[in-house]
Amino acid sequence: MKSKNALFYGLLFIAPAFLVYTLIRIIPLSMSFLYSFTNWDGFSPTYSFVGFRNYAALTSNHAIIQTIKNTLVFAVANVALITLLAIPIAIALNSRLKTRNLLRAVFFFPSVPSVLIIGYVWLFILNPSSSGIMNQLLLQLGLAKVSWLSDYDMAMVSLIMVSVWRLTGWHCCIYIANLQSIPKDYYEAAMIDGANGWQRFRAITFPMLAPSMTISMLLITIDSLKVFELPFALTKGGPGSATTLMTQLIIEKGINDHLVGQSSAFSIVFILFIFVVAVFQLKMMRRREERLDG
């Protein structure tokens, strides 16, 4: 009897959260799945079912293919650069520096403001004209100004640069937490054996950081695949389609082009794509953890 009461009160306790989650997640996702088989334009009170026509249209749309390439480039670059920067910075901030607490706050700060605000601030900094702060600095140094956001190739480089700047400090915190959990005895024993700094990092620090690397890289991948605010504020997807990512194309098709059916089909495929990538990445990183533990 007590177990039944406990189950009832447990379900009653989570009911409000589950109701909110259903309203903002499950119902919209179910409706998107339904609309993906229709030709609804988002305004008309009536629509027709078109079967898998919207899904078939995705394979022949060159804009979608280019957008997928852009998104993958952005995600892979973010994962690689943030990981390469966050680990050494975390090691430095975990040392006995007198200003380590201040530096931790400085590195963590870019992840605090709204992504949209950060995008607009960097839009002002990277303005490709001579009035941009970065170009003013280059001109004062006697260098030529750079078309940060107006050049086809530089636009993606600039977008990745801002994204890495925004997220590196946050992921440093993940690595710092992991570093503080590594027993000091390991390092003391290695120093007694005559191991230098690089040898201690390779034999102790790097293998012990495997769990935090799994979490960090998975979060970066998911965040990079579904990002919208930053490229929208910086480049609006331009110049041309150089920085148009998946989420922006989904929203543009649904709202600007009134193709809610196609937009919904793309969003369903996009969700499945993120799920497959996340599962594959998690599986590979777990194997790496087991190999390092062995």
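Preceding this paragraph is the structure being described.
Residues numbered from 1 in each chain as written. Predicted model: local features only at pLDDT ≥ 70, side-chain atom pairs only at ≥ 80, totals over all residues. Heavy atoms only, no water.

Thoughts on a nonpolar patch on the surface
So, step 1. A grouping of Leu19, Val20, Leu23, Ile24, Ile27 and Met31 is seen on the molecular surface, where their side chains present a nonpolar patch of about 550 Å² in accessible area.
So, step 2. Its location among the elements puts Ile24 in helix H1 (residues 2-35).
So, step 3. The exposure class assigned to Ile24 is exposed, which follows from its relative accessible area of 55%. (Patch = residues over 30% accessible without salt bridge, like charges linked within 9 Å, V, L, I, M, F, W, Y side chains within 5 Å. Areas by Shrake-Rupley, 256 points an atom, 1.4 Å probe, with all protein chains shown as cover. Salt bridge = Lys/Arg side-chain N within 4 Å of Asp/Glu carboxyl O. Helix = DSSP H or I, 4+ residues; strand = E, 2+ residues; numbered from the N terminus. Buried < 20%, exposed > 50% of the residue type's maximum accessible area, 1.4 Å probe, protein only.)

Concerning the environment of Ser95
So, step 1. Along the polypeptide, Ser95 turns up in the loop between helix H3 (62-93) and helix H4 (100-108).
So, step 2. For the pair formed by Ser95 and Ile176, sequence separation is 81 residues and the distance between their alpha carbons is 10.0 Å.

Some remarks on the environment of Val76
So, step 1. Locating Val76 in the fold gives a position in helix H3.
So, step 2. Sequence separation of Val76 and Asn5 is 71 residues, and the distance between their C-alpha atoms is 49 Å.

Description of the environment of Thr244
So, step 1. Mapped onto the fold, Thr244 is located in the loop between helix H11 (229-234) and helix H12 (246-256).
So, step 2. We classify Thr244 as buried; its relative accessible area is 9%.
So, step 3. Along the sequence, Thr244 and Ala144 sit 100 residues apart, while their C-alpha atoms lie 27 Å from each other.
So, step 4. Residue contacts for Thr244: discarding those within four places in its chain leaves Thr67, Asn70, Gly237 and Leu249.
So, step 5. In terms of polar contacts, Thr244 uses its side chain to reach the backbone carbonyl oxygen of Gly237, at 2.9 Å. (Contact = heavy atoms within 4.5 Å. Polar contact = N/O pair within 3.5 Å; in protein donor to acceptor, adjacent residues only side chain to side chain.)

Considerations on unusual backbone geometry
So, step 1. With an omega of -5°, the peptide bond running from Gly238 to Pro239 counts as cis.
So, step 2. Structurally, Pro239 can be placed in the loop between H11 and H12.
So, step 3. Notably, Lys236 is not glycine yet its phi reads approximately 55°, a positive angle.
So, step 4. Looking at the element boundaries, Lys236 is found in the loop between H11 and H12.
So, step 5. One non-glycine residue, His258, adopts positive backbone phi at about 55°.

Comments concerning the side chain of Thr22
So, step 1. Looking at the element boundaries, Thr22 is found in helix H1.
So, step 2. A distance of 2.7 Å separates a polar atom in the side chain of Thr22 from the backbone oxygen of Phe18.
So, step 3. What Thr22 contacts, discounting residues up to four positions off in sequence, is Ile27 and Pro28.

A closer look at the side chain of His171
So, step 1. Here His171 lies in helix H7 (residues 152-179).
So, step 2. Non-local contacts of His171, meaning those with residues more than four positions away in its chain, are made with Ile82, Ala86, Ser216, Leu219 and Ile220.

Examining the pattern of salt bridges
So, step 1. Enumeration over the complete set of coordinates arrives at one salt bridge.
So, step 2. The partner of Asp223 in a salt bridge is Arg166, with the nearest N and O atoms 3.3 Å apart. Taken together, the residues Asp223 in helix H10 (residues 210-225) and Arg166 in helix H7 connect sequence positions 57 residues apart.
So, step 3. Judged by its relative accessible area of 24%, Asp223 is partly exposed.
So, step 4. Judged by its relative accessible area of 8%, Arg166 is buried.

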